[in-house]
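Spelled out from the first residue to the last, the chains are:
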Amino acid sequence: MNITVICLGKLKEKYLSDAIKEYSKRISPYGKLDIIELTPVKLSENPSEAEIKTALEKEAIEIIKKTPQNAFIIPLCIEGDLLSSEELAYRFKKISLSGKSNIVFIIGSSYGLADIIKEQAHLRLSFSKMTFPHQLMRVMLLEQIYRAFQINNNGKYHK
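Bear in mind the structure is a predicted one, so any value in this text is a computation, not a measurement.

1. Quick word on the pairing of strand β2 (residues 32–38)
Right, on to step 1. Here strand β1 (residues 2–8) runs beside β2; their pairing, made up of 7 bridges, is parallel. Residue pairing for β2: C7 is matched across the bridge by E37.
Right, on to step 2. Remark: the β1/helix α1 (residues 14–27)/β2 crossover connection has right-handed handedness.

Okay, here's the thing in C-alpha cells:
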C-alpha cells in the first residue's frame, strides 16, 4: 500500500519532525509513505472571505497536481466522519480489497480546504470537533496510520 500525505506548510519544530521520522520508520514495513509539503498561499493579515476562497482554490490546484491517479482520497476536515482506530483500520482493509493501492490524506492550511478537494473525497475524515495545530495533526495522522496497520496485522501496539 502506498500512503501519501499532502499537507500545506512545513514542520518547524524539531520534536514534531522527530515524531514524523519515528512513525515514518514504523510505517515503512507496511508500505511506501510519501509526505508532500506545499507552500500555503500568503494572505493579508485580515483576509476577506473572497481572498480566503481564492487562496484555497489556488492551493487546491497544487494539491490536485500532487495527487496520484486513481488514489483513494481522504481530506481531513472538521465536517468529516469521526472514526475509531478500528474503523480506520477496517477502511484500510476495504480500500486494499477494492484494488486501490494509493491512499492520499490531505491536510489543508489554517483556513481549511477548497470545496473541490472535499468533493473529490472518497472519505472525509475528522479527528475531533476540536481544532489542532496543523503540524501536530500530521503527527497524529501518522500515528493513526501506523495504528491501523498494527490492528490489521494483529500487532501489539494497539491495545
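Having put the structure on the table, let's press on.
2. Looking at helix α2 (residues 49–66)
Right, on to step 1. Compared with the 26 Å implied by 1.5 Å per residue over 18 residues, the 26 Å span of α2 between its first and last C-alpha is a close match.
Right, on to step 2. Buried residues of α2: I52, A55, L56, E59, A60 and I63, and no others. Taken end-on, α2 shows its buried residues confined to a sector of 150°, consistent with a single buried face. Turned more than 90 degrees away from the buried face of α2, the exposed residues are A50, K53 and K65.
Right, on to step 3. Along its buried surface, α2 packs onto β1, β2, β4 (102–107) and α4 (115–119).

3. What about the nonpolar core?
Right, on to step 1. With 28 residues, the main nonpolar core has I3, V5, F92, I103, F105 and I145 as its most contacted residues.
Right, on to step 2. Residue assignment for this core shows that the elements contributing at least two residues are β1, α1, β3 (72–82), α3 (85–97), β4 and α5 (134–152).
Right, on to step 3. Looking at this core, the element that brings in the most residues is α5, giving 8 residues.
Right, on to step 4. Discounting chain neighbours no more than four positions away, the residues touching F92 are M1, I3, I103, F105, I145, A148, F149 and N152.

4. So, the environment of L88
Right, on to step 1. In this structure, L88 sits in helix α3.
Right, on to step 2. C-alpha of L88 to C-alpha of Q144: the two residues are 56 residues apart in sequence and 8.1 Å apart in space.
Right, on to step 3. With near-sequence residues (within four places) excluded, L88 lies in contact with L83, Q144 and A148.

5. Some details on the sheet that holds β1
Right, on to step 1. Reading across the sheet, the 5 strands line up as β2-β1-β4-β3-β5 and stay open at both edges, with parallel pairing between neighbours. The sheet is open, and its two edges are formed by β2 and β5 (125–126), each paired on a single side.
Right, on to step 2. Pairing of β3 with β5, which is carried by 3 bridges, proceeds in the parallel orientation. Across the sheet, the residue bridging to D81 is L125, located in β5.
Right, on to step 3. Contacts from α5 reach β1, β2, β3 and β4, with the element oriented near 155° to β4.

6. Some thoughts on unusual backbone geometry
Right, on to step 1. Positioned with a positive phi, N70 is a non-glycine residue whose angle comes to about 60°.
Right, on to step 2. With respect to the helices and strands, N70 occurs in the loop between α2 and β3.
Right, on to step 3. Judged by its relative accessible area of 64%, N70 falls in the exposed class.

7. Considering the side chain of Q150
Right, on to step 1. Considering the arrangement of structural elements, one finds Q150 in helix α5.
Right, on to step 2. The exposure class assigned to Q150 is buried, which follows from its relative accessible area of 8%.
Right, on to step 3. Here Q150 is in contact with Y30, G155, K156 and Y157, once residues within four sequence places are set aside.

The rules behind each value
- Residues numbered from 1 in each chain as written.
- Predicted model: local features only at pLDDT ≥ 70, side-chain atom pairs only at ≥ 80, totals over all residues.
- Heavy atoms only, no water.
- Pairing = 2+ DSSP bridges.
- Helix = DSSP H or I, 4+ residues; strand = E, 2+ residues; numbered from the N terminus.
- Right-handed = clockwise from strand over helix to strand, strands pointing away.
- Expected span 1.5 Å × (residues − 1).
- Buried < 20%, exposed > 50% of the residue type's maximum accessible area, 1.4 Å probe, protein only.
- Arc of directions from axis to C-beta.
- Contact = heavy atoms within 4.5 Å.
- Core = buried A, V, L, I, M, F, W, Y, C linked by side-chain atoms within 4.5 Å.
- Axes fitted to C-alpha atoms, helices over the stretch in contact; angles between N-to-C directions.

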